[in-house]
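As a plain string of letters, each chain reads:
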Amino acid sequence: MLAVTSWAGPLDKAFAALSVHDYFKAKELFTKQTRRDPAAAWYGLSVITGRADNPFFQLDSSLAAIRRSMAAFAVLDEKGRGKVARFGVDSATIRAQFDHVGEMAWTRVANTDRMEDYQRYIDAFAGSTMVAQAIDRRNELAFQEARRENSAAGYRRFLDRYPDAKEAFSARSRLQQAVYEEATSAGTAAVYERFIKEHPENAHVRDAEDALYALFTPDKTVGQYAAFIHRYPENPNVPDAWRAMYDSYTKDLSVENITRFLKDYPDYPFIGELMNDYKVASLVLYPFRQEGLWGFIDNKGVERIKAVFDYAEPFADGQAQVGEAGHSGSVNKMGKPVIPIIYDDVLDYREGLATVELNGVQGAVDRNGKLVVPLEFDEVGEFGHGIAAAAHKGLYGYINKTGGTVVPFQYEGAMRFQGGLAVVIKDGQSGVIDAHGEVVVPFRYDWVEGFVNMPFSRVRSRGLMGIIDRFGDVVLPVEHDHVGPFKDGLALVVDKGKAGYVGTGGQWAIPQRYDANALTIGMGDFHHGLARVLSGGKWGLVDTAGNRVIQPQYADIGIWEGGLIPVKRKNKWGYIKRSFANVVDAKYDQAWELHEGYARVELGGLYGLIDSLGKEVIKPQYTALQDVANGVLIASDAKGTGVLSTTGKVLVPLIYGSVGPVDKGLVKVTLDGRFGYVRLPSGEFLWKEDGFGEASTQ
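Residues numbered from 1 in each chain as written. Predicted model: local features only at pLDDT ≥ 70, side-chain atom pairs only at ≥ 80, totals over all residues. Heavy atoms only, no water.

### Some points on the overall build of the protein chain
Part 1 of the argument: Secondary structure summary: the protein chain contains 18 helices and 45 strands in total.
Part 2 of the argument: Here the C-alpha atoms of the protein chain give a radius of gyration of 37 Å, more than 25% beyond the 26 Å that 2.2 N^0.38 yields for 698 residues.
Part 3 of the argument: With the C-alpha coordinates aligned to their principal axes, the bounding extent of the protein chain is approximately 125 × 65 × 50 Å.
Part 4 of the argument: In the protein chain, once contacts between residues fewer than 6 apart in sequence are set aside, the share between residues at least 24 apart is 31%.
Part 5 of the argument: Carbon and sulfur atoms form 51% of the exposed surface of the protein chain, whose accessible area is close to 34,000 Å². (Helix = DSSP H or I, 4+ residues; strand = E, 2+ residues; numbered from the N terminus. Rg over C-alpha atoms; globule rule 2.2 N^0.38 Å. Contact = heavy atoms within 4.5 Å. Areas by Shrake-Rupley, 256 points an atom, 1.4 Å probe, with all protein chains shown as cover.)

The following block contains the structure:
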């Protein structure tokens, strides 16, 4: 409310005219008083030009007037402020008028939605409540422009102008990729070499190194690997190239082949591994137990390493983990320690290194058992591209293969690098960094899956799910009840009991016209180009184009595998083809998908087997039956467990407590706490523990 006194001075008359909307008179009077009483007069002029109900309406003029009023009011003394207060002009009303002009200007700017208009608004209305929104929208439009240009220059220009934009995370990552793509567009060795030399800090250096490896070894021949090693001795793929050469020579591991390789390539760097292979070429060993201690026998049942260990794991890559006196380590096939048997725990090798733990701290050893990462970390994860997540003093970071810090220890959690990116946790929120520790995805999610399926990751925030890409850009908004992984280019999306599928661009490929339940969430992803869908309480299958391959008409439906689809009619299961042709009548209580051309079926609590033509090759008669693997299947009846052929022939009698595969052609059987190895298909024992079967006989 504008105050007017009984004494009618020029300002009194101006505000009186304004109060009755006599804008012509008010404007004339205020204009005459701008020199004498600038704070109040410019305020009045701002009110007039800021109202749309008069011919003087002009927002730029209103803004200029209120800024002059602000400046004049700021230098008034107490007496001067008391004078203008008579007209209701004080810091609060001046600010309110400034905000009013800002709100009207914001409406105009938001309607035009142009980057240059937002910038003018930001410059003009510093301090306005809408400036933050203007900055965000300006940055968003600027980033869209950079995305359309999609060049290193465009992203660099964006980052120079708007370094604090929320899109800066994505821009930095896209800048690095654009630099890489522009520098290496020719796809020649020369451009990859130049890129590595000129951009050593770029996150895509490893991509360039991998590209050189692929470029020089297209046919994966020994000669190509040798040429690559000679030309790029510092490339991180050189160890893989050496081992690929060795593997090519020694597909049949024999003394002759190892000798031939060493003669041709005497500078092979992993000579220790080669010599171990040389000593035990073609030797296959299995753990065995004698009087409570463990050793190893060969594939003829002959003891090769004495039973002196507390436990023994199967051999992998020429070594086996063993335990002794409460400690762990590994031995080679000669029984000699490789990893000293002094550690509290030893994990599997990854990229030539195995994590070891001693007295509560962890490090890593190489394939020769040498401690290359010192025992000074709370935790050391699996290595990937030469980097591993590690914990030190309760915080996580990343180390290289010598234990050097690559990414500082500053996170509450850290995952393994995949595709050059890793998920890390800070202040309880998940984000993503690149191999240089640069933040690619800000810390704004409760969960980030990681880029297992490059270039996408599922994310969750406040119980809702979505999808982001490797730059942190949202592909699918984080507003859905459930989102599945991309399979066959489509991802399942469930909301409020309805299911549909989106493509890799986040667009709806199949609308949410299908029903969803717990089975949908667990089994609704695409598989071999088909997905299970539910409609009206019935199940069917759709293809990636959304076509109904099998109309929803079944009580349940299984996975299409090997040409047959399990389907349930009322209370019984049978099989159909994709063409909808009936193959097996609905007569089973349960039916599963095919494995190696055979599928398990169940009837009355007993299990049998059908082939890919629907013929029942083993009638339901077993209390348990596993899927076919390596041409055989493990079965159980009331007497015990054994092994069958796919024709139902008993290869190992069903008398054992358990049966498990060891190698192709060998299974491990247990009975009364003892075990043995049985050859297939003969069913003969390779070896059995002392006392095996005696308790059962008695």
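### What to know about the sheet that holds strand S16 (residues 421-426)
Part 1 of the argument: Here we have four strands laid out as an open sheet, ordered S15-S16-S17-S18, and antiparallel in their pairing. Two strands in the sheet have a free side with no partner beyond their single neighbour: strand S15 (413-414) and strand S18 (439-445).
Part 2 of the argument: Strands in contact with helix H10 (residues 168-183) are strand S17 (429-434) and S18; relative to S18, the strand with the most contacts, it is inclined by about 155°. (Pairing = 2+ DSSP bridges. Axes fitted to C-alpha atoms, helices over the stretch in contact; angles between N-to-C directions.)

### Brief notes about the sheet that holds strand S43 (residues 666-671)
Part 1 of the argument: Strand order in this open sheet of four strands is S42-S43-S44-S45, and the pairing throughout is antiparallel. Strands at the two margins of the open sheet, each flanked by one partner only, are strand S42 (658-663) and strand S45 (685-688). Here the average twist between neighbouring strands, direction ignored, is 25°.
Part 2 of the argument: Alignment of strand S44 (residues 674-679) against S45, held across three bridges, turns out to be antiparallel. Along S45, the bridge assignment pairs Val678 with Phe685.

### Structural notes on the packing of helix H1 (residues 10-19) against helix H2 (residues 23-32)
Part 1 of the argument: With their axes 8 Å apart at the nearest point, H1 and H2 run at an angle of 155° to one another. On the basis of the axis angle, H1 is roughly antiparallel to H2. Handedness of the H1/H2 crossing: left-handed. Counting all contacts with H1, which are made through Pro10, Leu11, Lys13, Ala14, Phe15, Ala17 and Leu18, the residues of H2 involved are Tyr23, Lys25, Ala26, Leu29 and Phe30. (Parallel < 35°, antiparallel > 145°, perpendicular 65-115°, else oblique. Left-handed = near helix turned anticlockwise from the far one by under 90°.)

### Focus: the side chain of Thr184
Part 1 of the argument: Note that Thr184 resides in the loop between H10 and helix H11 (189-198).
Part 2 of the argument: Overall, Thr184 belongs to the buried group, its relative accessible area being 6%.
Part 3 of the argument: Aside from chain neighbours lying at most four places away, what touches Thr184 is Val191, Tyr192 and Phe195. (Buried < 20%, exposed > 50% of the residue type's maximum accessible area, 1.4 Å probe, protein only.)

### Considering the packing of H11 against helix H12 (residues 205-216)
Part 1 of the argument: For the pair H11 and H12, the least separation of the axes is 9 Å and the interaxial angle reads 155°. If you check the angle between H11 and H12, you find them roughly antiparallel. The way H11 lies across H12 gives a crossing that is left-handed. Note on element contacts: H12 touches H11 through Val205, Ala208, Glu209, Ala211, Leu212, Leu215 and Phe216, opposite Ala189, Tyr192, Glu193, Phe195 and Ile196.

### Thoughts on unusual backbone geometry
Part 1 of the argument: Omega for the bond connecting Met454 with Pro455 falls within 30 degrees of zero, at 0°, which places this linkage in the cis form.
Part 2 of the argument: Examined against the element boundaries, Pro455 turns out to sit in the loop between strand S19 (447-448) and strand S20 (456-461).
Part 3 of the argument: Looking along the chain, the bond that leaves Leu680 and enters Pro681 is cis, with omega of 5°.
Part 4 of the argument: Summarising the element assignment, Pro681 is placed in the loop between S44 and S45.
Part 5 of the argument: In this structure, Lys496 is a non-glycine residue whose phi angle is positive, near 50°.

### Describing the environment of Gln512
Part 1 of the argument: Inspection of the secondary structure puts Gln512 in strand S26 (residues 508-515).
Part 2 of the argument: Taking the relative accessible area as the measure of exposure, Gln512 reaches 26% and is therefore partly exposed.
Part 3 of the argument: For the pair Gln512 and Val494, spaced 18 residues apart in the sequence, the C-alpha separation amounts to 7.6 Å.
Part 4 of the argument: Within the local environment of Gln512, its side chain forms a polar contact with the backbone oxygen of Val493, the two atoms lying 3.2 Å apart.
Part 5 of the argument: Here the side chain of Gln512 touches Asp495 through a polar contact of 3.0 Å, side chain to side chain. (Polar contact = N/O pair within 3.5 Å; in protein donor to acceptor, adjacent residues only side chain to side chain.)

### Observations regarding the packing of aromatic side chains
Part 1 of the argument: Applying the stated criterion to the full structure yields 41 aromatic pairs.
Part 2 of the argument: Here the aromatic rings of Phe456 and Phe486 are separated by 4.9 Å at their centres, their planes lie at 50°, and the arrangement is tilted. Here Phe456, found in strand S20, pairs with Phe486, found in the loop between strand S23 (482-483) and strand S24 (491-495); they are 30 residues apart in sequence, far enough to count as distant.
Part 3 of the argument: For Phe456, a relative accessible area of 16% puts it in the buried group.
Part 4 of the argument: With relative accessibility at 13%, the residue Phe486 sits in the buried group.
Part 5 of the argument: Consider the rings of Tyr656 and Phe692, whose centres lie 6.0 Å apart with planes at 35°: the pair is tilted. Here the residue Tyr656 occupies a position in strand S41 (residues 650-656), and Phe692 occupies one in the loop between S45 and helix H18 (694-697), the gap between them amounting to 36 residues. Taken as a pair, Tyr656 and Phe692 share a single burial class, namely buried.
Part 6 of the argument: An aromatic cluster of at least three residues, connected via ring pairs, comprises Trp242, Tyr246, Tyr249, Phe261, Tyr265, Tyr268 and Phe270.
Part 7 of the argument: The aromatic ring of Phe315 is capped on one face by Lys333, whose charged end is 5.9 Å from the ring centroid.
Part 8 of the argument: A cation sits over an aromatic face here: Lys688 above Phe685, 5.0 Å from the ring centre. (Phe/Tyr/Trp six-rings, centres within 6.5 Å; stacked < 30°, edge-to-face > 60°. Lys NZ or Arg CZ within 6 Å of the ring centre and 35° of its normal.)

### What to know about H12
Think of an α-helix as 3.6 residues a turn; residues three or four steps apart then line up on the same face.
Part 1 of the argument: Across its 12 residues, H12 extends 17 Å between first and last C-alpha, which sits within 8% of the 16 Å expected from 1.5 Å per residue.
Part 2 of the argument: Listed as buried for H12 are Val205, Arg206, Ala208, Glu209, Ala211, Leu212, Tyr213 and Phe216. (Expected span 1.5 Å × (residues − 1).)

### Some details on the layout of surface pockets
Part 1 of the argument: Its volume calculated, the largest pocket comes out at about 1,200 Å³.
Part 2 of the argument: At the level of elements, H10, H12, helix H14 (238-249) and helix H16 (271-279) are the ones that each hand at least two residues to the lining of the largest pocket.
Part 3 of the argument: No other element matches the four residues that H12 contributes to the lining of the largest pocket.
Part 4 of the argument: Of the residues assigned to the lining of the largest pocket, the class counts are 16 nonpolar, 16 polar and 14 charged.
Part 5 of the argument: Around the second largest pocket sit 17 residues that line it, and Tyr246, Glu273, Asp277, Asp317 and Gly318 are the ones nearest its centre.
Part 6 of the argument: Breaking the lining of the second largest pocket down by element, the ones donating at least two residues are H14 and H16. (1 Å grid on protein atoms, 1.4 Å probe; cavity = no way out; pocket = protein on both sides within 12 Å on 5 of 7 lines; lining within 4 Å. Points joined across faces, edges and corners; volume = space filled by probe spheres on them. Nonpolar A, V, L, I, M, F, W, Y, C, P; charged D, E, K, R; others polar.)

The values reported here are purely geometric and, on their own, carry no functional implication.
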